[in-house]
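# Structural overview for review
Here is what each chain is made of, one letter per residue.
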Amino acid sequence: MSLASELFAALGFRKRLLIVIYLVEGERSVSDLVALIGGSRTALSRHLSGMAKLGIVQARNQGSQRCYSCVSNEARMLVRALSDIADRDKLPMGRRSGKGSSSWRQG
């Protein structure tokens, strides 16, 4: 039960969930994530560092940039489950604009 509670605690914050959603899609640099999610590089780096300590994401250096990817199968499963729920319009987030769009992502 502690793995599940740590995962929910880590992803219970909107920006951390968005980070993982984007990292499930593929590797991203901090600059990429700032452009996609917003906020400061410092704040996103802190979120990424905390999630790396929990084994949710992993960093690798590519030149002068750090690139991150999601390495947690549990986080991937959770993102897929949330996506499936959103696709069935089960989340109370209003109507989505079209098939295949995610209502819980930033526009």
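As a reminder, the structure under discussion sits directly above these lines.
Residues numbered from 1 in each chain as written. Predicted model: local features only at pLDDT ≥ 70, side-chain atom pairs only at ≥ 80, totals over all residues. Heavy atoms only, no water.

### Observations regarding the packing of helix H1 (residues 2-11) against helix H2 (residues 14-25)
At their nearest, the axes of H1 and H2 sit 6 Å apart, and the two run at 100° to each other. On the basis of the axis angle, H1 is roughly perpendicular to H2. Listed contacts from H2 to Ala9, Ala10 and Leu11 of H1 are Arg16, Leu17 and Val20. A breakdown of the residues in the contact of H1 with H2 according to their chemical character gives five nonpolar, no polar and one charged. (Axes fitted to C-alpha atoms, helices over the stretch in contact; angles between N-to-C directions. Helix = DSSP H or I, 4+ residues; strand = E, 2+ residues; numbered from the N terminus. Parallel < 35°, antiparallel > 145°, perpendicular 65-115°, else oblique. Contact = heavy atoms within 4.5 Å. Nonpolar A, V, L, I, M, F, W, Y, C, P; charged D, E, K, R; others polar.)

### Some details on H1
Leu7, Ala10 and Leu11 are the residues of H1 that are buried. Along the axis of H1, the buried positions cluster into a sector of 85°, meaning they face one direction only. Counted as exposed and oriented over 90 degrees from the buried face of H1: Ser2, Phe8 and Ala9. As for H1, its buried residues are in contact with H2, helix H4 (41-53) and helix H5 (73-87). (Buried < 20%, exposed > 50% of the residue type's maximum accessible area, 1.4 Å probe, protein only. Arc of directions from axis to C-beta.)

### So, the pairing of strand E3 (residues 65-70)
Two strands pair when backbone bridges link them, and strand E1 (residues 28-29) and E3 are joined in this way by two bridges, in the antiparallel orientation. For Ser29, the partnering residue across the bridge sits in E3 and is Cys67. Of the strand pairs in this sheet, strand E2 (residues 57-62) and E3 are connected by six bridges, and their pairing is antiparallel. Directly across from Asn61, in E3, lies its bridge partner Arg66. (Pairing = 2+ DSSP bridges.)

### Quick notes on the environment of Met77
Tracing the backbone shows Met77 in helix H5. C-alpha of Met77 to C-alpha of Val24: the two residues are 53 residues apart in sequence and 9.8 Å apart in space.

### Regarding the pattern of salt bridges
All chains considered together, the criterion is met by two salt bridges. One salt bridge in this structure joins Arg28 and Glu25, with 3.3 Å as the shortest N-O distance. For Glu27, the salt bridge is made with Arg60, and the minimal N-O distance between the two is 2.8 Å. Placement of Glu27 in the loop between H2 and E1 and of Arg60 in strand E2 is noted, with a sequence separation of 33 residues between them. A relative accessible area of 37% places Glu27 in the partly exposed class. Relative accessible area serves as the criterion here: at 38%, Arg60 is assigned to the partly exposed category. (Salt bridge = Lys/Arg side-chain N within 4 Å of Asp/Glu carboxyl O.)

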